[in-house]
Structures are given as C-alpha cells and as structure tokens.
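# Residue-level structural notes
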Amino acid sequence: LSKVSEDRIQAHLAHAASEKSAEQLLETPCESRVSKYGTWSKTVGESFVLGEDEAREIVLNLLVDDGAAQRENRVALLNPIFKKVGIAMQPHPTQGLMVALTYAGRFERHPPPKASAENLPELPPPPSADHV
C-alpha cells in the first residue's frame, strides 16, 4: 500500500510539472492503483495532505478535514473497516510536505516475480576432484 501512496505523490509532483501521464494516474480510481500491487478486499480509500510540516499537524489536518464538506479524510482515517494503511511522504518544492495514505480492509501483496534461468548470474564450475 505504501507503493500506491508513493505513486500518488510522484504523480502529484509530475502533475505540478504539467506531465500528462501524471494527470492520468491521478484520475485512475484508487481500486485500480491498489490492484497494481496486490489483492484487496472489503474496501480501499485514500487521503492526501499537502502543506503541513509536523506529524501532529498532519494528523490534525486529517481529523479536522477543514474545507471538505463530506470530511472524506476524517471518515477514511476513522473507518473501522480499514485494517491496513500504506503511507508515503515527501517534501513539496514550495508547499511543505506531501503525505499520501492508502487504506484497505485487507491487502495481500502480489508475490515478487520468480527469477528465470535467463536472469540468474552464471556460477563458476564446481571444483574438480584434482583440486580437492
């Protein structure tokens, strides 16, 4: 889930730099972005905070959720269905920290790709009986 949050932050930075690919990622539903990295169930959601520089202020921003009529960040943060969370944080060039949180009821990462014989380094031959 942290990888999903990292993707969101990178997309936000790229969007600020007017990169079209970032806009597409920001418009992609959270469910699709989470599914890229694993299997989720029950529900998924996300929160994004921009401009706070201290952990306490970030959490207060999520809880108060000022300016959001539906208080989506507060609802997500306090939702008892969410049992897993991935968090990514990075400085914004001009606006303090960016913090992305991705939540899931359940989440299992996709297994790492198996190494194929083509990708393995070549091993030296075993020592011969003459050298033992």
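Residues numbered from 1 in each chain as written. Predicted model: local features only at pLDDT ≥ 70, side-chain atom pairs only at ≥ 80, totals over all residues. Heavy atoms only, no water.

## Focus on the sheet that holds strand S2 (residues 84–91)
Our working rule: By definition, two strands form a pair when at least two bridges between them are found by DSSP. Runs of E in the DSSP output that reach at least two residues are strands. Runs of H or I that reach at least four are helices, and both are numbered from the N terminus. For helices, the axis comes from a line fit to the C-alpha atoms of the stretch in contact; other axes are also lines fit to C-alpha atoms, and the angle between any two N-to-C directions lies between 0 and 180 degrees. We call two residues contacting when some pair of their heavy atoms lies within 4.5 Å.
With antiparallel pairing, the three strands of this open sheet are ordered in space as S1-S3-S2. Pairing within the sheet leaves two strands with one partner each, and these edge strands are strand S1 (38–52) and S2. The average undirected angle you get between the axes of adjacent strands in this sheet is 15°. Of the strand pairs in this sheet, S1 and strand S3 (residues 97–109) are connected by twelve bridges, and their pairing is antiparallel. Bridging across to S3, Trp 40 finds its partner in Phe 107. Each of S1, S2 and S3 touches helix H4 (residues 55–64); the most contacted strand, S1, lies at about 115° to it.

## What to know about a positive patch on the surface
Definition in use: Patches were defined on residues exceeding 30% relative accessible area and lacking a salt bridge, with like-charge contacts within 9 Å and nonpolar side-chain contacts (Val, Leu, Ile, Met, Phe, Trp, Tyr) within 5 Å. Only the protein chains shown count as cover for residues, and the accessible areas themselves come from Shrake-Rupley with a 1.4 Å probe. Definition used for salt bridges: Asp or Glu carboxyl oxygen within 4 Å of a side-chain nitrogen of Lys or Arg. Positive residues here are Lys and Arg, negative ones are Asp and Glu, while His and the chain termini are left out of the count. Charge positions come from single atoms, namely NZ of Lys, CZ of Arg, CG of Asp or CD of Glu.
A contiguous patch of positive charge on the surface is contributed by Lys 42, Lys 83, Lys 84 and Arg 106. Inspection of the secondary structure puts Lys 83 in the loop between helix H5 (72–78) and S2.

## Observations concerning unusual backbone geometry
This is how it is decided: Working definition: with a 1.4 Å probe on protein chains only, accessible area under 20% of the residue-type maximum means buried, over 50% means exposed, and in between means partly exposed.
Phi at Lys 42 takes a positive value of approximately 75°, unusual for a residue other than glycine. Tracing the backbone shows Lys 42 in strand S1. Positive phi outside glycine occurs at Arg 71, with the angle close to 55°. With respect to the element layout, Arg 71 can be found in the loop between H4 and H5. Residue classification places Arg 71 among the partly exposed positions, given a relative accessible area of 29%.

## Some thoughts on the confidence of the model for the chain
Any residue range with low pLDDT should be treated as having predicted coordinates unsuitable for detailed reading. We apply this condition: The quantity called pLDDT is the predictor's confidence in a given residue, expressed from 0 to 100.
Residues of the chain with pLDDT of at least 70 account for 83%, and the chain-wide mean is 81. Confidence, read as mean pLDDT per element, is least for helix H2 (residues 20–27) in the chain (61) and greatest for S3 (90).

## What about the nonpolar core?
Under the convention used in this document: To form a nonpolar core, buried Ala, Val, Leu, Ile, Met, Phe, Trp, Tyr and Cys residues must be joined to one another through side-chain atoms within 4.5 Å.
By size, the foremost hydrophobic cluster in this structure holds nine residues: Val 49, Ile 58, Leu 62, Ala 76, Phe 82, Leu 97, Val 99, Leu 101 and Tyr 103. Mapped onto this core, the elements with two or more residues apiece are H4 and S3. No other element matches the four residues that S3 contributes to this core. Setting aside its immediate chain neighbours within four residues, Leu 62 contacts Ser 47, Val 49, Asn 73, Arg 74, Leu 77 and Leu 101.

## Observations concerning the packing of aromatic side chains
For any pair of aromatic rings, geometry is given as the distance between the ring centres together with the angle between the planes. To keep things clear, this is the line we draw: In this scheme Phe, Tyr and Trp rings, the latter by its six-membered ring, pair at centre separations within 6.5 Å, and the angle between planes marks the pair as stacked below 30 degrees, edge-to-face above 60, and tilted otherwise.
This model, assessed by the stated rule, comprises one aromatic pair. Taking the centre distance of 5.0 Å and the plane angle of 20° together, the rings of Phe 82 and Tyr 103 count as stacked. Remark: Tyr 103 occurs in strand S3 and Phe 82 occurs in the loop between H5 and S2; sequence separation between them is 21 residues.

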